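The primary structure of each chain is shown beneath.
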Amino acid sequence: MTDEQVKEILERVLSWPRARREDAAQLLLALEAREGEFYQPDDDEWAAIQEGLAQARRGEFASADEIAALLSPPRA
């Protein structure tokens, strides 16, 4: 996203109702406060990451068809 696009969004925010602007400001402040922090996965997430890396080292990858099936909308 370009600086100009960000500026356009922020200008639109000024036209939002007060409560919605306050929500947006709180979200931005929370993001700013987290600047420089690293995400710390929990034990289950870390185990899943390690397993995924091990699968990649073994050359175990999903096929294009498997990925397409996962990304396809559910059938009714």
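Rules and cut-offs
- Residues numbered from 1 in each chain as written.
- Predicted model: local features only at pLDDT ≥ 70, side-chain atom pairs only at ≥ 80, totals over all residues.
- Heavy atoms only, no water.
- Helix = DSSP H or I, 4+ residues; strand = E, 2+ residues; numbered from the N terminus.
- Rg over C-alpha atoms; globule rule 2.2 N^0.38 Å.
- Buried < 20%, exposed > 50% of the residue type's maximum accessible area, 1.4 Å probe, protein only.
- Patch = residues over 30% accessible without salt bridge, like charges linked within 9 Å, V, L, I, M, F, W, Y side chains within 5 Å.
- Areas by Shrake-Rupley, 256 points an atom, 1.4 Å probe, with all protein chains shown as cover.
- Salt bridge = Lys/Arg side-chain N within 4 Å of Asp/Glu carboxyl O.
- Phe/Tyr/Trp six-rings, centres within 6.5 Å; stacked < 30°, edge-to-face > 60°.
- Lys NZ or Arg CZ within 6 Å of the ring centre and 35° of its normal.

Draft legend 1. Seen up close, the overall build of the chain. Secondary structure assignment for the chain yields four helices and zero strands. For the chain, the succession of helices and strands along the chain, N to C, is α-α-α-α. Relative to its length of 76 residues, the chain is extended, with a C-alpha radius of gyration of 20 Å against a globular reference of 11 Å. Overall size of the chain, expressed as C-alpha extent along the three principal axes, is 50 × 35 × 30 Å. Out of the 76 residues in the chain, the part that is buried amounts to 4%.

Draft legend 2. Focus on a nonpolar patch on the surface. On the surface, M1, V6, I9, L10, L28 and L31 cluster together into a nonpolar patch covering about 580 Å² of accessible area. Those elements that place two or more of their residues in the nonpolar patch are α1 (3-13) and α2 (18-33). Among the elements that make up the nonpolar patch, the one with the highest residue count is α1 (three residues).

Draft legend 3. Just the packing of aromatic side chains, in detail. Here the structure, examined in full by the defined rule, presents zero aromatic pairs. Taking the ring centre of W16 as reference, the NZ or CZ of R20 above it sits at 4.2 Å.

Draft legend 4. Summary view of the environment of E37. One can find E37 in the loop between α2 and α3 (43-57). Relative accessible area serves as the criterion here: at 53%, E37 is assigned to the exposed category. When the C-alpha positions of E37 and L14 are compared, they lie 29 Å apart, and in sequence the two are 23 residues distant.

Draft legend 5. Broad picture of the environment of D3. Secondary-structure assignment places D3 in helix α1. Look at D3 and you get exposed, because its relative accessible area is 61%. Separated by 65 residues in sequence, D3 and A68 have C-alpha atoms that sit 34 Å apart.

Draft legend 6. The pattern of salt bridges, seen in detail. Under the definition given, this model contains three salt bridges. As a salt-bridge pair, E51 and R58 come within 3.2 Å of each other at their nearest N and O atoms. Notably, a salt bridge pairs R58 with E60, separated by 2.9 Å at the nearest N-O pair. Classification of E60 by relative accessible area gives partly exposed; the value is 42%.

Geometric values such as these leave the question of function open.
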